[in-house]
Amino acid sequence: MDQYPDENEEFELQYQDEMELLEDMPHEYDAVDNGPSTSRQAAAALEQQQQKANTTVAGFKDVSRFSDSTLNSPQLSQITFGARQSDSAGGGPVNRRLFGTPRGPAVGRGCSTPMQRMPPIEEVLTPTVDRTAPLLNAAAEQLQELGLKANNKRRLERDLFGDIDDLYHESYEDPMVKKARTEEQRDNEAIERILELRRKMRESSKTVRQDEVSRLRALHDFKMKNLSYEIPTWPFMALQRSDLERLYVRFHSEEYEQRQLEMLSARDNLTGSLLGEAKQQVWQEANELVLRRMAPPTQLVNPEPVAPSVDTGRLWVDKYKPRKYIDLLSDEMTNRSLLYWLKMWDKVVFGKVFHSKQEQQTANTGVAASQQLNSFNKRTGKFESNGGWRQRKARQALNTNVDELGRPMQKVALLCGPPGLGKTTLAHTIARHAGYNVREINASDDRSPEAFKLALENGTQMSSVLNEDKRPNCIVLDEIDGAPRQSIEYLVKFVSDGIFSKAKSKGAKAEHNVLRRPIICICNDIYDPALRPLRQIAFVVSFPPIDAARLAERLLQIAHKEHLKTDFGALIALAEKSGNDVRSCISTMQFFNAQKHCLTLQDVLNNNLGQKDRHQGLFDVWGAIFRIQRPKKQLQQSSSNNAEEAAQVTMTNMSVATRVRNVLDVVHSSGDYERLTQGVYENYLQQRMPDPNFTGICEALQWFCFSDALQHQIARQQNYSIYPYLQYGFVVWHLLFATLAWPKIAFPTRGFEFNQKSTNQRNIFQSLRKGITTSAQGVGQGNILLLDTVPLLKRILSPQLRSVAVQLLSQKEQYDLRHTIQVMVDLGLTFVQVKSAEGHYVFQTEPDLDTLCSFPGFPGLTLPYFSRQLIAREVDLERIRRAAPKGGSADNATKSAAAGAAGATGAPGSKQKAIAARLPNHLQTLKPKQISDFNAPPKQQLTKDFFGRVTHKTTAAAAAEEAKTDAIVKSPIWYRYKEGFNNAVRKDVHLNELL
Amino acid sequence: MALWVDKYRPRELSKLDYHKDQAENLRNLCKQSDFPHLMFYGPSGAGKKTRIMCLLREMYGAGVERLRNETMNFTTPSNRKIDIMTVGSNYHLEVNPSDAGMYDRTVVIDLIKQVAQTHQIDVNGQREFKVIVISEGDELTKDAQHALRRTMEKYVATCRIILSVNSTSRIIPAIRSRCLGIRVPAPSEAEMIAVLQNTCKREGLVLPPELAKRVVEKSERNMRRALLMLEASKVQQYPFTAQQQIAELDWQVYLRETAAQIVSEQTPAKLEKIRDRLYELLSQGVPPNLIFRGLVEQLVNNCDMSIKAKTLEYATQYEHRMQNGAKHIFHLEAFVAQFMNIYKKFLAELVMTDDF
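Let me begin by describing the structure that accompanies this report. (Residues numbered from 1 in each chain as written. Chains lettered and ligands numbered in written order. Predicted model: local features only at pLDDT ≥ 70, side-chain atom pairs only at ≥ 80, totals over all residues.)

### Concerning the overall build of chain A
In plain terms, the rule: In DSSP terms, a helix is any run of H or I states spanning at least four residues, a strand is any run of E spanning at least two, and both are numbered starting from the N terminus. Residue burial is a threshold on neighbouring C-beta atoms within 10 Å of the residue's own C-beta, all placed from the backbone, with 20 or more meaning buried, 12 or fewer meaning exposed, and counts in between meaning partly exposed. We call two residues in contact when their backbone-placed C-beta atoms lie within 7 Å.
Secondary structure assignment for chain A yields 44 helices and 18 strands. Each of the 995 residues in chain A was classed as buried or not, and the buried ones make up 35%. Counted over contacts in chain A with a minimum sequence separation of 6, partners at least 24 positions apart contribute 72%.

Now the structure itself:
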């Protein structure tokens, strides 16, 4: 991947990523630079020279490895020598079978599968004195070839295609046929192919299982070759067994004897039986060798030419980090979806066409590719765990997959998942795989909004000068959930701003800001509140946990490479114990390696290693408190010393002591005691408990009181020395209420609601208190006002009024009304019209007296709508009157108001008018304008009632009517605003003022 | 001045309706044109505030009645802004520091300093000190009280403090010793009936003596409550009848119903319903100790003699514990559960003895 994909490789690119995977493998040899050569013949010639001169770097590199361990070791020859004795050609098939690779006809082209060109092992194993020469020969040849391939991309392509041709000929079928196949199938195939490839790699490394079989077989072979019950054809010596059976033991030549002796002496340092551990080790090494040849990427993780066991300085976690796409342990769908997203950037970043929808029609793969994922989703439903991927994909599929610039609609990918699953690794690997240079910004960097801005702009708009292969940048924002909120907001703006500026103007300046590089964000907790804006625009990839078996296989590979003795079961247990955290598993293994070179199931089970403080959800904790764990099967160490039977399946111990410990562990890990307590408190009564006498409940409640007291003390005095005692309450509650049944646990909302309601009430009460005028100090303060006055006040403010006009109210009603109004004004209360939740208007007290001190089942203010309306108006009037300037006029004003309210007082009209004229404008109320003039009073007074009879108003009423007429009301200037007329904004202007 | 409580509140010491001897003493106190710090204590609705206002009027004249509302701002050391509403005249200032909650210490210190450090400009004919009235003084935290004790001595030349408290037990001894305690006991029933009758007469209403007696009983000898109840009754139904319904306090009724439910059924499900009701009471601002008291009174009334003592014992125990905690609901529920426990046991024993 040292150059971008170009036009010529479009086909390959569009095709399958897997091709690139294959391509990747030889590239691992980049480090070994053998110099250019253009043809295989030349290479061969060179190789010969190098072999003779023994100067090749590659030669040295691997010779050191081979000669010190693998092929040189006598044990290896032991496997095959029997076969050689009887059947010189037998080794080949055996090897082929073991390595699971058919010997293809195209030996010369199998560059990616060097196995095919690999010389048969027995060829190497010829018992000559100078065994190193052919060995070197073989190894150098291999490496030479691979090195050549890496350096010659052009030629490699041909090789590659040829290679693929015979490996995956089905991908070269007729386009028509291809079209006919559904996209799903094709995607399936692609995935299956990757999985197949992985499986092969895995099989080749599964040495332990094969080892058992092969060991037995070798033993059997050995017996068959050297012992016989009948008289054999080879030279023999007869022996008699204790059961009088006769055996014929093979006689060997002196040369052979010599070799055996050598072998024995060489094996001195090795312990164990003839074919025991020593052979296992041989097998490991043999397999390793084969594997290295067959699948270079996984093998050559350590490019340094030293033996792995010597290399102790490095952390294994770092050393065995996946370097290539195919090494990734994470879920294949996850990997692919992210890679697909990254590939969608190709058009913008590399300026070359990726599967944009229209172009796909001709290339006839892109449409498939873009829709594959959708259809695939639908069928398997696998993407459903991947957050909004599916929906968003569907939405994109509706319009276009890419925006005008050819960028994907989601400019940011957000990887989320618990730690140790390889999110960072995936992001790095995939970015590199797609041809990017990774720029990582993580928690250790300065992530203030300014620094963030700088990093983002530098990363997306510039390219590093020092970057020799001129790759474009891909920004990886690691651990973004810890970034400040402003930074994330900036990121969101940065990402979406590009669209706006583009939309606004087509100018070059606008396009300058457009984001042209992919950004990958990584977080642990996707529901972090700071990430909310990002979550909505990002392409969210959530990480499913890694398969324990798959992880264990990888661990096994590492164990082999590091010569750590272990077995598959132990590794599975380790993986499970660590919650499939790759990092912690590898670290644990390294720890054991440093200790004693052996990792057994016992170690894993005994040790607390690899166990991390996993965060548990609140519901898990409550579940653990309210539920007795059912005894479950568990691997447990037995007392016997036999290593083979160290693991035993037993039932977990469910004694009280264990339960107590469990609860303490769980509660301790969660830590949020206050919320946990609240949760237990609100749920414990729902648990099924045989507690007829309330003794258990009483005890539980005593503990609640105790923990409350503790928490109060801690909060008040900041005395955290008593904090540890908080957790014992949970133990008591567990012992009291836990059952085997699955507990129904609801989230505790009651406490929260209570707090909210209290706050609300307090606020209303405060506003009520603020409104109380100085003339109503007798209602008390604080609690007295709330508890004594407010409930009674509601009664006092609920007079019984009939729904008639004010003038028609009885005397008592008039009195009550006036009293109510006075009280309300004193207390600063009023009625305001608000729209209720149902949509109709209601009059509500302001501040809301009704909600204060109101209990379900008790009447509040019993005033009907009409009365409230009436009172509201009168209260406003009264307020205005009180606010009127003090002095003589105020006195009159109140008197007139009283007259108005009482309905009938004999105040002379002229005086009224004078008062009204003196009132400022805003204090005057609108009065109906008299239709007729003063000269037609009798006409006016002739009013008729419903039945047409003439009624006569009393003179007093007439006076009152007159009092209402207002000089200013008569003024001709009215303002019309929206739906009504108003003379409130009005000023008398004389013409001479204007002139 | 529309509510009867305000309208017919005595404004002068000479016009007080009861505790006339005490009124005389207060007048004598004022005659020396100076008085020490005072602490009026007595149950709610006994007339403490009335007496304080009368005393101030006696001291400063009618000017104290020209009240104005004022909101004062304070900043706590932790940079939190608090608004405190005060009512005051030129001569005095009335505050309720419990509004500030746990920050009342700041309020006490700042407020008193503010007031005390400003001397009266117009000295002739006026007193040289101002008065600070602290209502609900027993709600002051210990911190605030300790802050108060020094300022009380330091600024004694320029300000006097009048505390109005319900119970002296929550006032630290240092403050108690610095103040002249004046006990205002709750009025007797006869005195209250007289006040009610007097009020009705001035309102031009006719109050049947039975009704007056019933109102006084319902009001638990709380003058304010009695007047409000009477007024509410008047609104509900005027020509008064002897047996007419008297408006009661909702929360008291609610609490009574809760207690009745506790006695009626003892199951976890019921306990949960009770919890809801307790939550309701607490969220409406009813203080937990009042809830405790109301519950205990009702429960003790409703249960058998043999478990009364136990109920009271547990009530004291849980009420005491509640003071050390913050989540009152736990303690209330614990008490309810404990009562249910002993009540159930009692019922079971009853059944046993009946059977055999």
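### Observations regarding helix α33 (residues 673-683) of chain A
Within the sequence span of α33(A), burial applies to A:Leu676, A:Thr677, A:Gln678, A:Gly679, A:Val680, A:Tyr681 and A:Asn683. Tucked into the core, α33(A) has its buried residues touching α31 (618-626), α32 (656-670), α34 (695-717), α35 (728-737) and α36 (750-771) of chain A.

### Some words on the nonpolar core
Nonpolar side chains tend to gather and get buried jointly when the protein is soluble and globular. Convention followed: Think of a nonpolar core as buried Ala, Val, Leu, Ile, Met, Phe, Trp, Tyr and Cys residues, each tied to the set through C-beta atoms within 7 Å.
If you look at the biggest cluster of nonpolar residues, it comprises 155 residues, and the most contacted ones within it are A:Ile625, A:Leu701, B:Ile132, B:Leu196, B:Ala226 and B:Phe339. Ranked by residues supplied to this core, first place goes to helix α14 (residues 328-355) of chain B with 11 residues. Sequence-distant contacts of B:Ala226, that is, excluding residues within four places in its chain, are made with B:Met192, B:Leu196, B:Val215, B:Val216 and B:Ser219. Counting 71 residues, the second-largest nonpolar core is a separate cluster that includes A:Leu339, A:Ile475, A:Leu556 and A:Cys585.

### Looking at the packing of helix α4 (residues 104-117) of chain B against helix α5 (residues 142-154) of chain B
Residues and elements named next belong to chain B. Applicable threshold: Fitted lines through C-alpha atoms serve as axes, helices being fitted only where they are in contact, and the angles separating the N-to-C directions of these axes extend from 0 to 180 degrees. Each angle receives one of four descriptions, namely roughly parallel if under 35 degrees, roughly antiparallel if over 145, roughly perpendicular if within 65 to 115, and oblique otherwise. Two helices that cross are described as forming a left-handed crossing if the nearer one is turned anticlockwise from the farther one by less than a right angle, and a right-handed crossing if clockwise. In this classification, Asp, Glu, Lys and Arg are treated as charged, Ala, Val, Leu, Ile, Met, Phe, Trp, Tyr, Cys and Pro as nonpolar, and every other residue, Gly included, as polar.
α5 packs onto α4 with a crossing angle of 20° between their chain directions and a minimal axis gap of 7 Å. Looking at the two axes, α4 sits roughly parallel to α5. In terms of crossing hand, the pair formed by α4 and α5 is right-handed. Touching Asp 104, Arg 105, Val 108, Ile 109, Ile 112 and Lys 113 of α4 are Asp 143, Ala 144, Ala 147, Leu 148 and Thr 151, all from α5. Tallied by class, the residues present in the contact of α4 with α5 amount to six nonpolar, one polar and four charged.

### Notes on the interface of chain A and chain B
Interface size is commonly expressed as the accessible area that is lost once the parts come together. Across the boundary between the two partners, chain A contributes 53 residues, which contact 58 residues of chain B. Classifying every residue of the side of chain A that touches chain B gives 23 nonpolar, 19 polar and 11 charged.

### Considering the sheet that holds strand β3 (residues 246-250) of chain A
Residue and element names in this part refer to chain A. The line we're drawing: Pairing between two strands requires that DSSP report at least two bridges joining them.
Taken in spatial order, the three strands line up as β1-β3-β2 in an open sheet, and their pairing is antiparallel. Strands with a single pairing partner mark the edges of an open sheet, and in this sheet they are β1 (227-228) and β2 (236-240). In this structure, β2 lies alongside β3, joined through five bridges in antiparallel fashion. Residue pairing across strands places Gln 240 opposite Arg 246, the latter belonging to β3.

### Regarding the sheet that holds strand β5 (residues 130-135) of chain B
All names here are of chain B. Taken in spatial order, the seven strands make up an open sheet running β2-β3-β4-β5-β6-β1-β7, and their pairing is mixed. Every interior strand has two partners, whereas the edge strands, β2 (68-75) and β7 (180-183), have only one. In this sheet, neighbouring strand axes are inclined to one another by 25° on average, regardless of whether the strands run parallel or antiparallel. Relative to strand β3 (residues 81-88), β2 runs antiparallel, the two being bridged by eight bridges. Its bridge partner being in β3, Thr 75 is matched across the sheet by Lys 81. Sitting on the sheet, α4 is in contact with β2, β3, β4 (92-95), β5 and β6 (159-165), with an inclination near 120° to β2.

### Description of unusual backbone geometry
For the bond from A:Glu846 to A:Pro847, the omega torsion is -5°, close enough to zero to count as cis. By the secondary structure assignment, A:Pro847 is in the loop between β14 (841-846) and α39 (865-883). The phi torsion at A:Cys853 lies on the positive side, around 55°, for a residue other than glycine. Within the secondary structure, A:Cys853 sits in the loop between β14 and α39. At B:Arg221, a position not held by glycine, the phi torsion is positive, near 55°. Here B:Arg221 lies in the loop between α8 (209-218) and α9 (223-236). Judged by the 18 C-beta atoms lying within 10 Å of it, B:Arg221 falls in the partly exposed class.

### Digging into the pairing of strand β6 (residues 473-477) of chain A
Residue and element names in this part refer to chain A. In terms of burial, β6 is largely enclosed, as five of its five residues are buried. Burial of β6 is two-sided: the residues Asn 473, Ile 475 and Leu 477 facing one way and the residues Cys 474 and Val 476 facing the other way are all buried. With five bridges joining them, strand β5 (residues 437-441) and β6 adopt parallel strand pairing. Considered in β6, the bridge of Arg 439 is made with Ile 475.

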